[in-house]
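Coordinate analysis (summary)
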Amino acid sequence: MKMQKSDIVKLLLDRGYTVFDLYHNQIALAVKKENLLNDLIFLRSIGFEHLSFITAVDFIDEGEFEVVYHIWSYTHKVHILVKVRVDRNNPVVPTIINLWEQAQFYEQEVHEFFGIKFEGNNDLSPLFLENWVDIPPLRKDFDTREFSIRLYDAEVDGGDR
C-alpha cells in the first residue's frame, strides 16, 4: 500500500525515531549504531527496497564519523537518508550485505576512503587505492599537501623546484 511522505514521517515519529523532514520527498533519519540493523530491516519491511549508496562524513572536531545510507522506496516515491554516528577512534558498524547485496561495493569503498570497518563483511579489500599505506584519504586529518610533497618530491614554494 502506497503511503505519502507525511504518513511515513508520522509512522517513524510514532516509533520514536529522530526524523528530519527534508525537501520534496526526502527524509533524514538519525539512528543508534546498536539499532542500525533492526531499523534497516524495519524500513525494508515498509517498502524501502533499494539501497542506492553508502557514504560517510568526518566530524573530526566531534570525534565521530557519520555513516549515511541512501534508501529508496519505489512504491512510496520517498528517499530516506539513514544516519548513524560512530566513534572516530573505533569506527565500526555492522555490515548490511545480508539486506542489500550491493552494499558490498559501498562498504568496501567507505572502508577504503574513511577507514570505517563493517563488522561481518569479510571482504573489505581495496577497490581503488592499491598498495595504499597512508591514512584513508577522505579523513579530514589526511594532509594532502604533505602527501603531494612526498609523492612528487616537490617543494612548498608554489610548485617550482
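Scroll up to find the structure.
Pairing between sheet strands relies on hydrogen bonds along the backbone, with the strands arranged either parallel or antiparallel. What the 5 strands build is an open sheet, ordered E1-E2-E5-E4-E3; its pairing is mixed. Bordering the open sheet on either side are strand E1 (18-21) and strand E3 (50-59), each of which pairs with just one other strand. Averaged over all adjacent pairs, the angle separating strand axes in this sheet is 20°, with direction ignored. Of the pairings in the sheet, the one linking strand E2 (residues 26-31) to strand E5 (residues 78-87) comprises 6 bridges and is parallel in character. The partner of glutamine 26 across the bridge, within E5, is histidine 79.

The next point concerns the pattern of salt bridges. One pass over the structure, following the stated rule, counts 10 salt bridges. In this structure, arginine 88 and aspartate 141 form a salt bridge, with 3.0 Å as the shortest nitrogen-oxygen distance. With arginine 88 in the loop between E5 and strand E6 (92-94) and aspartate 141 in the loop between strand E7 (117-119) and helix H4 (144-152), this residue pair connects regions lying 53 residues apart in the sequence. Assessed through its relative accessible area of 11%, arginine 88 is described here as buried. Of the charged contacts in the structure, one is a salt bridge between arginine 150 and aspartate 134, with a shortest N-O distance of 3.0 Å. Taken together, the residues span a long stretch of sequence, with arginine 150 in helix H4 and aspartate 134 in the loop between E7 and H4 at a distance of 16 residues. For arginine 150, a relative accessible area of 43% puts it in the partly exposed group. With relative accessibility at 22%, the residue aspartate 134 sits in the partly exposed group.

Thresholds applied
- Residues numbered from 1 in each chain as written.
- Predicted model: local features only at pLDDT ≥ 70, side-chain atom pairs only at ≥ 80, totals over all residues.
- Heavy atoms only, no water.
- Pairing = 2+ DSSP bridges.
- Helix = DSSP H or I, 4+ residues; strand = E, 2+ residues; numbered from the N terminus.
- Axes fitted to C-alpha atoms, helices over the stretch in contact; angles between N-to-C directions.
- Salt bridge = Lys/Arg side-chain N within 4 Å of Asp/Glu carboxyl O.
- Buried < 20%, exposed > 50% of the residue type's maximum accessible area, 1.4 Å probe, protein only.

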